[in-house]
Amino acid sequence: NCYSDGFVEDSLDEIMNTAKRLAMTYKAQGGQGISLSKIRPKGSMIGGKFKSDGIVPFMEIFNTVTESVSQGGSRKGALLMSLDINHPEAETFMTIKSDLKKINKANLSMEIDDSFMCRVIEGDKEANRLFNILSEQACKYAEPGVIFTNKFRNYNIMEFVESYQIETCNPCGEQPLKKYGACNLSSINLSEYVVNPFTDQAMVDLNSLKHDIGIYVKAMDDVLEENIPNHPLEEQRESARTFRNLGIGVMGIHDMFIKMGIVYGSDESIKFLSKLMNTIFRTSVQASVKLAKERGSFPGYDPKVWNATIIKNNFSEHEIEEFKKSNCLRNCSLLSVAPTGSIGTMLQISTGVEPWFSKSYIRNTKSLHGEKEVSYEVWAPVIKKAMDLNWHPETLITANDIDWRGRIGIQATIQRSLDTGISSTLNLPKDTTPEQIRNIYIEAWLAGNKGQTIYRDGSREGVLNKVDKPKVRDDREAPKRWLYPPH
């Protein structure tokens, strides 16, 4: 599992306790997300006698813990640290990775609220100065990412339930969570629901998908129950018992589009996904209600869940009234789109919501044993088959070919029917400027995305690297893909 340890409280005792909780979580093969927004800035008085050294020394402590403690002896820990852009040390946080030797074991994200974004658009000098630094750093180093906190913390089933306050997220960002919350993830391979692929009669078998979602919800609820004793901390076990988070996601979206002759990022693809994700969310909620009638609601259930904006966006007033009469729900969250780096690569399909990175690419990863780095070539089978059939060549675009507006549109469309978050990196060409990245962040916020991560080609060595002249191999020769995804 990956977890959120929420806000680090502003006391030395709690800061050290946070480091301990990180270590214990890594030891049990978990990752962590923390927010530094409550830690007082450098120069602040402590007890009227001393001045604080600010956030950097504690970032270094958390980074060292992450570097030092292996996840179950197999891989290093995974950590996300976030900070409010209104924090006095926001500029320090944004620029710390200019030195590639510093904080190199954690992902960084800026927490940005609607008020700050409005100030940017209205021309406020200080807001724009910080926003420009953020865009420049992302252009050079692919970090920090951004979290749009109003949407991030509120667009969920628990929007109006006071006992469930989202603070930050797990390391890859797909699970906005309350303090001590844990993700519980699975992913549906949507490309396998396409019937009559590579023909003009290609379509998604919605009846089979809806039937299977009932199985997925029940199975993941079983997984959650089975796993409760395995969480390393009692606070994490209690959160799992009380709220019963699920995170059923999707993968193979680009494969699905190619099989159907739809161009990824086009208006057609966005309209299709809107209907499909609405169906998936609606069916998941209905399945959780049905399961609650058999097993009982999650202990933290509150009837206010039916007032949530995401419920109103996806159900009619009549349907919501029926839910209120039933007055039950098994899980406080249902859908989440993870990166699916390992399982997507193992199945040789597009991962998460991402388009194919390239028609063929080299994947670099660490093996399960020791520190040996392994590189291997991955070929996109769906693209190879489409080429062999001369099937809609316009659909065979890859990450750097797709206009960023289409990528934002895809993410925003999915988010409208997704109650947690989406892990997605927007790939950009090498000549992308900080000004363009600034515009991407603004458009992502306006579109309603909970966050945005970008990677400009060449900004730093990536996990995926293109092959200039890909060699076509027989799929049977492909190496086995059991290796971990990057964090």
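Residues numbered from 1 in each chain as written. Predicted model: local features only at pLDDT ≥ 70, side-chain atom pairs only at ≥ 80, totals over all residues. Heavy atoms only, no water.

Chemist: Would you mind going over the packing of aromatic side chains with me for this structure?
Modeler: Between two aromatic rings, the relevant description is the distance of the centres plus the angle of the planes. If you walk through the whole model with that rule in mind, you get 10 aromatic pairs. Ring centres 5.0 Å apart and planes at 85° place the aromatic pair Phe315 and Phe323 in the edge-to-face group. According to the relative accessible area criterion, Phe315 is buried, its value standing at 6%. Taken together, the ring pairs in this structure connect Phe281, Trp306, Phe315 and Phe323 into an aromatic cluster. When the ring centre of Tyr155 is taken as origin, the NZ or CZ atom of Lys151, which lies over that ring, is 4.7 Å away. (Phe/Tyr/Trp six-rings, centres within 6.5 Å; stacked < 30°, edge-to-face > 60°. Buried < 20%, exposed > 50% of the residue type's maximum accessible area, 1.4 Å probe, protein only. Lys NZ or Arg CZ within 6 Å of the ring centre and 35° of its normal.)

Chemist: Mind showing me how you'd approach the packing of helix H9 (residues 253-260) against helix H14 (residues 381-389) here?
Modeler: Two measures define how a pair of helices packs: the angle their axes make with one another and the distance between the axes. Following both chains from N to C, one finds H9 and H14 inclined at 10°, their axes separated by 10 Å at the closest point. With respect to each other, H9 and H14 are oriented roughly parallel. Between H9 and H14, the contacting residues are Asp255, Ile258 and Lys259 on the first element and Val382, Ile383 and Ala386 on the second. Its residues placed into classes, the contact of H9 with H14 shows four nonpolar, no polar and two charged. (Axes fitted to C-alpha atoms, helices over the stretch in contact; angles between N-to-C directions. Helix = DSSP H or I, 4+ residues; strand = E, 2+ residues; numbered from the N terminus. Parallel < 35°, antiparallel > 145°, perpendicular 65-115°, else oblique. Contact = heavy atoms within 4.5 Å. Nonpolar A, V, L, I, M, F, W, Y, C, P; charged D, E, K, R; others polar.)

Chemist: I tried to follow the sheet that holds strand S18 (residues 425-428) on my own but got confused; where do I start?
Modeler: Pairing between the strands of a sheet comes from backbone hydrogen bonds, and it takes one of two forms, parallel or antiparallel. Pairing is mixed in the open sheet, where seven strands are placed in the order S1-S2-S7-S8-S9-S19-S18. In this open sheet, the two edge strands, each paired with only one partner strand, are strand S1 (2-7) and S18. Averaged over all neighbouring strand pairs, the angle between strand axes comes to 25°, with direction disregarded. Across the sheet, helix H16 (residues 434-447) is in contact with strand S9 (145-148), S18 and strand S19 (451-456); its angle to S19 comes to roughly 155°. (Pairing = 2+ DSSP bridges.)

Chemist: I would appreciate a short explanation of a nonpolar patch on the surface in the present structure.
Modeler: On the surface, a cluster of nonpolar side chains totalling about 260 Å² of accessible area is made up of Leu12, Met16 and Ile61. What makes Met16 partly exposed here is its relative accessible area of 37%. (Patch = residues over 30% accessible without salt bridge, like charges linked within 9 Å, V, L, I, M, F, W, Y side chains within 5 Å. Areas by Shrake-Rupley, 256 points an atom, 1.4 Å probe, with all protein chains shown as cover. Salt bridge = Lys/Arg side-chain N within 4 Å of Asp/Glu carboxyl O.)

Chemist: I tried to follow the pattern of salt bridges on my own but got confused; where do I start?
Modeler: Any two side chains of opposite charge can pair, so long as their charged atoms come close to each other. If you walk through the whole model with that rule in mind, you get 24 salt bridges. A salt bridge links Arg129 to Glu126; the nearest nitrogen and oxygen atoms lie 3.1 Å apart. In this pair, Arg129 and Glu126 both sit in helix H5 (residues 125-141), three residues apart, roughly one turn of the helix. Note on Arg129: relative accessible area 36%, which makes it partly exposed.

Chemist: Mind showing me how you'd approach the nonpolar core here?
Modeler: Nonpolar side chains in soluble globular proteins tend to end up buried together. In terms of nonpolar packing, the biggest core is built from 66 residues, with Ile253, Met256, Trp306 and Ile414 touching the most fellow members. Tallying contributions element by element places helix H10 (residues 267-295) first for this core, with 10 residues. Look past the residues within four positions of Ile414 in its chain and what remains in contact with it is Ile253, Leu273, Met277, Val337, Val353 and Ile422. Ile34, Leu36, Ile408 and Ile454 belong to the second largest nonpolar core, which has 51 residues in total. (Core = buried A, V, L, I, M, F, W, Y, C linked by side-chain atoms within 4.5 Å.)

Chemist: What is the right way to read helix H4 (residues 114-122) from this model?
Modeler: Because the α-helix completes a turn every 3.6 residues, residues three or four places apart line up on one side. Within the sequence span of H4, burial applies to Phe116, Met117 and Val120. Taken down its axis, H4 places every buried residue within 100° of arc, on the same side. Following H4 by one or two positions, Gly123 adopts a phi angle in the positive range, close to 95°. (Arc of directions from axis to C-beta.)

Chemist: Could you clarify how one ought to interpret the environment of Ser375 in this entry?
Modeler: Inspection of the secondary structure puts Ser375 in strand S17 (residues 373-379). Expressed as a C-alpha distance, the spacing of Ser375 and Arg363, which sit 12 residues apart in the sequence, is 5.5 Å. Each residue touching Ser375, except ones within four places of it in the same chain, is listed here: Ile362, Arg363 and Asn364.

Chemist: For this particular structure, what's the right way to read the packing of H5 against H16?
Modeler: Where H5 meets H16, the closest approach of the two axes is 8 Å, and the angle between their N-to-C directions is 110°. When the axis of H5 is compared with that of H16, the two are roughly perpendicular. Judged by the sense of rotation from one axis to the other, the crossing of H5 with H16 is right-handed. Between H5 and H16, the contacting residues are Asn128, Phe131, Asn132, Leu134, Ser135, Glu136, Ala138 and Cys139 on the first element and Pro434, Ile437, Arg438, Tyr441 and Ile442 on the second. In the contact of H5 with H16, the residues fall into eight nonpolar, three polar and two charged. (Left-handed = near helix turned anticlockwise from the far one by under 90°.)

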